[in-house]
Amino acid sequence: MKPSILILTVFVLVLLLPTVIPHDYSDALHKSILFFEGQRSGRLPRQQRMWWRGNSGLKDGENLNTDLVGGYYDAGDNVKFHFPMAFTATMLAWSSIDFGCYMSENDVAHNLVALKWATNYLLKTVSQLPHRIFVQVGEAQPDHDCWERPEDMDTPRTAYAIEAPGPASDLAGEIAAALAAASIAFNQSQPSYSTLLLNNSIQTFQYADMHRGSYADNPNVHNAACPFYCSDNGYKDELLWGAAWLRRATGSDFYLEYLVNNCDSFGVDYNYLDFGWDNKFGGVEVLIAKEIFEKNVNTLIPYKDMAERMMCALFPETAGPHMSYTPGGLLYKPVGSQLQNTAALSFLILTYADYLSKSSQQLSCGNLKFQPDSLRRIVKRQVDYILGDNPMHLSYMVGYGDQYPRQIHHRGSSIPSIKVQSHALGCTEGWDIFHSDNPNPNILVGAVVGGPNIDDTFVGKRTNATDTEPTTYINAPLVGVFAYFKSNPNFS
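Let us look at the structure shown here. Values in this document were obtained by computation on a predicted structure and should not be read as measured data. (Residues numbered from 1 in each chain as written. Predicted model: local features only at pLDDT ≥ 70, side-chain atom pairs only at ≥ 80, totals over all residues. Heavy atoms only, no water.)

Things to note about the packing of aromatic side chains
Line of reasoning, step 1. Under the definition given, this model contains 32 aromatic pairs.
Line of reasoning, step 2. The interplanar angle of 85° and the centroid separation of 6.1 Å between the aromatic rings of Tyr 229 and Tyr 473 together place this pair among those described as edge-to-face. With Tyr 229 in the loop between helix H8 (219-225) and helix H9 (236-250) and Tyr 473 in helix H18 (residues 472-487), this pair connects stretches of sequence that are 244 residues apart. Considered together, Tyr 229 and Tyr 473 belong to a single accessibility category, that of buried residues.
Line of reasoning, step 3. Centre to centre, the rings of Phe 254 and Tyr 255 are 5.0 Å apart; their planes meet at 90°, and the pair counts as edge-to-face.
Line of reasoning, step 4. A relative accessible area of 49% places Phe 254 in the partly exposed class.
Line of reasoning, step 5. Here a set of aromatic residues connected by ring pairs shows up, and it is made of Tyr 25, Phe 87, Trp 94, Phe 99, Tyr 102, Trp 241, Trp 245, Phe 275, Phe 347, Tyr 484, Phe 485 and Phe 491.
Line of reasoning, step 6. Sitting over the face of the ring of Trp 117, Arg 40 holds its NZ or CZ atom 4.4 Å from the ring centroid.
Line of reasoning, step 7. The ring of Tyr 404 carries the charged tip of Arg 406 above its face, separated from the ring centre by 3.8 Å. (Phe/Tyr/Trp six-rings, centres within 6.5 Å; stacked < 30°, edge-to-face > 60°. Helix = DSSP H or I, 4+ residues; strand = E, 2+ residues; numbered from the N terminus. Buried < 20%, exposed > 50% of the residue type's maximum accessible area, 1.4 Å probe, protein only. Lys NZ or Arg CZ within 6 Å of the ring centre and 35° of its normal.)

Some remarks on the layout of surface pockets
Line of reasoning, step 1. As a volume, the largest pocket reaches approximately 740 Å³.
Line of reasoning, step 2. What lines the largest pocket is a set of 34 residues, among which Phe 228, Tyr 229, Trp 277, Gln 340 and Tyr 473 lie closest to the centre.
Line of reasoning, step 3. Those elements giving two or more residues to the lining of the largest pocket turn out to be helix H13 (338-358) and helix H17 (465-468).
Line of reasoning, step 4. Space inside the second largest pocket adds up to approximately 310 Å³.
Line of reasoning, step 5. Grouping the constituent residues of the lining of the second largest pocket by class yields five nonpolar, eight polar and six charged. (1 Å grid on protein atoms, 1.4 Å probe; cavity = no way out; pocket = protein on both sides within 12 Å on 5 of 7 lines; lining within 4 Å. Points joined across faces, edges and corners; volume = space filled by probe spheres on them. Nonpolar A, V, L, I, M, F, W, Y, C, P; charged D, E, K, R; others polar.)

A few points about unusual backbone geometry
Line of reasoning, step 1. Omega for the peptide link from Ala 164 to Pro 165 comes to 10°, which places this bond in the cis form.
Line of reasoning, step 2. Note that Pro 165 resides in the loop between strand S3 (159-163) and helix H6 (169-185).
Line of reasoning, step 3. Phi is positive for Asn 65, which is not a glycine, with a value near 55°.
Line of reasoning, step 4. Residue position: Asn 65 is located in the loop between helix H2 (25-34) and strand S1 (80-81).
Line of reasoning, step 5. A positive phi is found at His 393, a non-glycine position, where the angle reads about 50°.
Line of reasoning, step 6. If you trace the backbone, His 393 turns up in the loop between helix H14 (372-386) and helix H15 (411-414).
Line of reasoning, step 7. Using a relative accessible area of 60% as the deciding quantity, one classes His 393 as exposed.

Quick notes on the side chain of Ser 201
Line of reasoning, step 1. If you trace the backbone, Ser 201 turns up in helix H7 (residues 191-210).
Line of reasoning, step 2. Owing to a relative accessible area of 0%, Ser 201 belongs among the buried residues under this scheme.
Line of reasoning, step 3. Ignoring any residue separated from it by four or fewer positions in sequence, one finds Ser 201 in contact with Ala 176, Leu 179, Ala 180 and Leu 246. (Contact = heavy atoms within 4.5 Å.)

Quick look at empty space enclosed by the protein
Line of reasoning, step 1. Under the counting rule described, the total for this entry stands at two cavities of 30 Å³ or more.
Line of reasoning, step 2. Taken as a whole, the largest cavity holds about 50 Å³ of empty space.
Line of reasoning, step 3. Every residue lining the largest cavity is listed: Gly 38, Gln 39, Arg 53, Tyr 73, Ala 75, Gly 76, Asp 77, Asn 78, Pro 150, His 410, Arg 411 and Gly 412.
Line of reasoning, step 4. For the lining of the largest cavity, the class distribution of residues is three nonpolar, six polar and three charged.

Looking at the pairing of S3
Line of reasoning, step 1. Burial within S3 is extensive, with four of its five residues counted as buried.
Line of reasoning, step 2. Pairing between strand S2 (residues 132-137) and S3: five bridges, direction antiparallel. Residue pairing for S3: Arg 132 is matched across the bridge by Glu 163. (Pairing = 2+ DSSP bridges.)

Some remarks on helix H12 (residues 301-312)
Line of reasoning, step 1. Over its 12 residues, H12 runs 16 Å from end to end, which matches the ideal 16 Å to within 8%, given 1.5 Å per residue.
Line of reasoning, step 2. Among the residues of H12, Tyr 303, Lys 304, Met 306, Ala 307, Glu 308, Met 310, Met 311 and Cys 312 are the ones counted as buried.
Line of reasoning, step 3. Of the surrounding elements, those touching the buried residues of H12 are H9, helix H10 (253-262), helix H11 (281-295), H13, strand S6 (363-365) and H14. (Expected span 1.5 Å × (residues − 1).)

Quick notes on the packing of H2 against H18
Line of reasoning, step 1. Close contact between H2 and H18 brings their axes to 8 Å; oriented N to C, the two are set at 155°. Here H2 is positioned roughly antiparallel relative to H18, judged by the angle of their axes. The chirality of how H2 crosses H18 is left-handed. Counted together, Tyr 25, Ser 26, Ala 28, Leu 29, Ser 32 and Ile 33 of H2 and Asn 475, Val 479, Phe 482, Ala 483, Phe 485 and Lys 486 of H18 form the full contact between these two elements.
Line of reasoning, step 2. Along the lines of polarity and charge, the residues of the contact of H2 with H18 split into eight nonpolar, three polar and one charged. (Axes fitted to C-alpha atoms, helices over the stretch in contact; angles between N-to-C directions. Parallel < 35°, antiparallel > 145°, perpendicular 65-115°, else oblique. Left-handed = near helix turned anticlockwise from the far one by under 90°.)

A few points about the pattern of salt bridges
Line of reasoning, step 1. This model, assessed by the stated rule, comprises 22 salt bridges.
Line of reasoning, step 2. The residue Glu 238 makes a salt bridge to Lys 280 at a minimum N-O spacing of 2.6 Å. Residue Glu 238 is found in helix H9, and its partner Lys 280 is found in the loop between H10 and H11; the two are separated by 42 residues along the sequence. Like Lys 280, Glu 238 is buried.
Line of reasoning, step 3. With a shortest N-O distance of 3.6 Å, Lys 304 and Glu 308 are connected by a salt bridge. With Lys 304 and Glu 308 both in helix H12, this residue pair falls four residues apart, about one helical turn.
Line of reasoning, step 4. Accessibility expressed as a relative area gives 14% for Lys 304, which makes it buried. (Salt bridge = Lys/Arg side-chain N within 4 Å of Asp/Glu carboxyl O.)

So far we have only geometry, and geometry alone does not tell us how the molecule works.
What follows is the structure, encoded as structure tokens:
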């Protein structure tokens, strides 16, 4: 046997063999939602379950004479970046829409609470449209120069805004997507709130389309957002993303025509093997494919064709470009936080498999055909890898199982809780804690960290942010994925 054939055979076996560690997907789902309570900013409710957190950022927005209290800290720091926060909300909503049927009533309720914490805040960010949209709160560099819990913040809480006609297509497009998706998620349980979200989504999309360009192109915003959350992928994917969610939320032909007319000019075939807070093309294609499967809207077929190419790229025996895997079977793309890519792609793959099943179709890759379960097996391999079935024998979800990262890169988790140590710790006082080998005193239950390297190795020190920092946009897509396997625990 030729070496190349042998390598391919071993690769396929690693990818498709059933995993050997049984997992409690119900526990993983519950904890993946609980995590968001540890990321809350603002005045915390009495029902707060992440007990070690306290109120923070209660004067946010003050420098612009507006209320920007609330929302989420995106990761292990204390800045509120609205671009990734909106993507987080979109994915929590999509998890509820397409995978809520696999959740218990309790999990559905908690997921909607997590979603509403984000959407209540996002409504504030667009409350002054069409004249102004808010971008972020906090200055990243001064914040990163300190290691202090959010309850003690003494760094500048500068709020940033873009005034019309400043461009903000990526930011506004993502917020429009989040509010439209959330309007669907809340349609049954809170119809009035759903209408409010949808109306604001429509107005926000109008700003995005009318004032085309990236939000980071505005001089007053660029240095605040970059290099942390600039949209390196451009803004056209967010315009399609916002339109796709508004099409799904409203059924309006206006958005259908928008998607058809801009398919080629916006480059729907660009970077289609990616999906995350910056690149939405993969998500656009899978989301729109649903309408083709269900309603046979032929004018949208180019989107489905690209979604199919993405799915075919998962299988090494197909023609064309392929996705990369680590030797242990993890979907891998060189990014700052590896599992953000794995989590988001896993969601898309599982969603597409569901669309195929419900329409009694297979995945067609040239002369090769794959059943929807072939896609689900790939996702299950990713999920089980994250939960501990990996070469490090380590769960990358904090608080799941016995072996998980104890020194995550997270200020609030690593510093003694304000409920235990009430006196404030200043900007530099926390650095001794940062550099110590002690485990974090506060367990950020459910946090999925950045994850391993291309060779499946993992350096579990809080000084190694790439590996150990959790983010909201890693957890959000995993909510839907865990829900599916909770209801299908014996899938193999």
